[in-house]
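Per-entry structural report
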Amino acid sequence: DEVVYNALKSRLGIVAVTDHDCSLAYDELEKLCASAGIKAVRGIEVSAYSGVTKIHILGYAFDAEKPEFKKFYKELYDGSLVRAEDTIGKLRKNLVNITVEEILGYRKSVHSPVHSMHIARACALKGYCGGNYERFYLNYLAPGKCAFSNLCRPTPEHTVEVIASCGGFASLAHPARLDLPKEGFLKLVGALKERGLGGIEAVYSAHTSDETAYYKETARKFALAVTGGSDTHYDGGKRRIGSPEFYVDEVLAKKLKIEKI
């Protein structure tokens, strides 16, 4: 409801909700958008890893009923439980006591994978880090911290392959946040394009104008589409739905399976 309400306020014509590692919001989003006169696109943001480097892959307009996606989603879900247990064990060694059962209740859906922010919220509400879940995440769960875990994460190559095999469109999310040197980034883009990557999220809420220009040019050199997103996680935060401005052209609209814009 909040997403569609804010999309209307920002006069958006197209919305995709790209939750981490699941696309369970789509059916509800589609109904709400239809009544509001907004086009809805199925989306997901997969937290993939290449070694210790986190690489977010955005998936759009894929068929969630395809066996390939169902298998992939089960792997994401089951892997999240393995990772949660690993994190809980590490937290216990650092005098933070929490159980899986306590964490599961913080999900919006019983079918969604466990995310690190579910763990952070559960621990914060038990009083750790003064009740501040963002501080708890940064102190315990972020990469390099004592309870960080990336067990059972898919590779970006496999993620792109799955999205493409399910008729979807994959884009490399917020590239300026990647912890890679320029040469490594360009090598990654080339490797992912071979697996079916279709775009780069050059227009992003935290990108500078120079970064936006660079990633647009990189997309052009690799013959990839440019995508855009606000990455708004919650209402009232620093990011706002509809910002920065992004316009979907006819080529991208076709990739997103939108007939008219």
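Structure first, text after, so check above.
Quick look at the structure, then. Just so it is clear, the structure is predicted and the values come from calculations on it, not from any experiment.

Turning next to the state of the cysteines. Considering all chains together, one arrives at 0 disulfides under this definition. Among the cysteines around C123, which has no disulfide bond, C129 carries the closest sulfur, lying 8.8 Å off. Overall, C123 belongs to the buried group, its relative accessible area being 0%. Free of any disulfide, C146 has its nearest neighbouring cysteine sulfur in C129, separated by 9.7 Å. Among the residues examined, C146 registers a relative accessible area of 35% and is labelled partly exposed.

This next bit is on the pairing of strand β2 (residues 39-50). Most of β2 is tucked away, with 10 of its 12 residues classed as buried. In this structure, β2 lies alongside strand β3 (residues 53-60), joined through 8 bridges in antiparallel fashion. Considered in β3, the bridge of S47 is made with H56. What sits between the antiparallel neighbours β2 and β3 is a turn of 2 residues, in which G51 has the positive phi angle 70 degrees.

Inspection of the secondary structure assignment puts T87 in helix α3 (residues 67-93). You can call T87 buried: its relative accessible area is 5%. Ignoring anything within four residues of it in the chain, the contact list for T87 reads I119, L141, A147 and S149.

Reading across the sheet, the 6 strands line up as β1-β2-β3-β4-β5-β6 and stay open at both edges, with mixed pairing between neighbours. Single-partner strands in this sheet number two, and they are β1 (14-17) and β6 (225-229). The average angle at which neighbouring strand axes cross in this sheet is 35 degrees, direction not considered. Relative to strand β4 (residues 169-172), β3 runs antiparallel, the two sharing 4 bridges. Looking at the pairing, L58 lines up with S171 of β4. Contacts between helix α2 (residues 26-36) and the sheet are confined to β1 and β2, with β2 contributing the most and set at about 150 degrees to the helix. Contacts between helix α8 (residues 182-195) and the sheet are confined to β3, β4 and β5 (197-204), with β5 contributing the most and set at about 135 degrees to the helix.

Calculation rules
- Residues numbered from 1 in each chain as written.
- Predicted model: local features only at pLDDT ≥ 70, side-chain atom pairs only at ≥ 80, totals over all residues.
- Heavy atoms only, no water.
- Disulfide = S-S within 2.5 Å.
- Buried < 20%, exposed > 50% of the residue type's maximum accessible area, 1.4 Å probe, protein only.
- Helix = DSSP H or I, 4+ residues; strand = E, 2+ residues; numbered from the N terminus.
- Pairing = 2+ DSSP bridges.
- Contact = heavy atoms within 4.5 Å.
- Axes fitted to C-alpha atoms, helices over the stretch in contact; angles between N-to-C directions.

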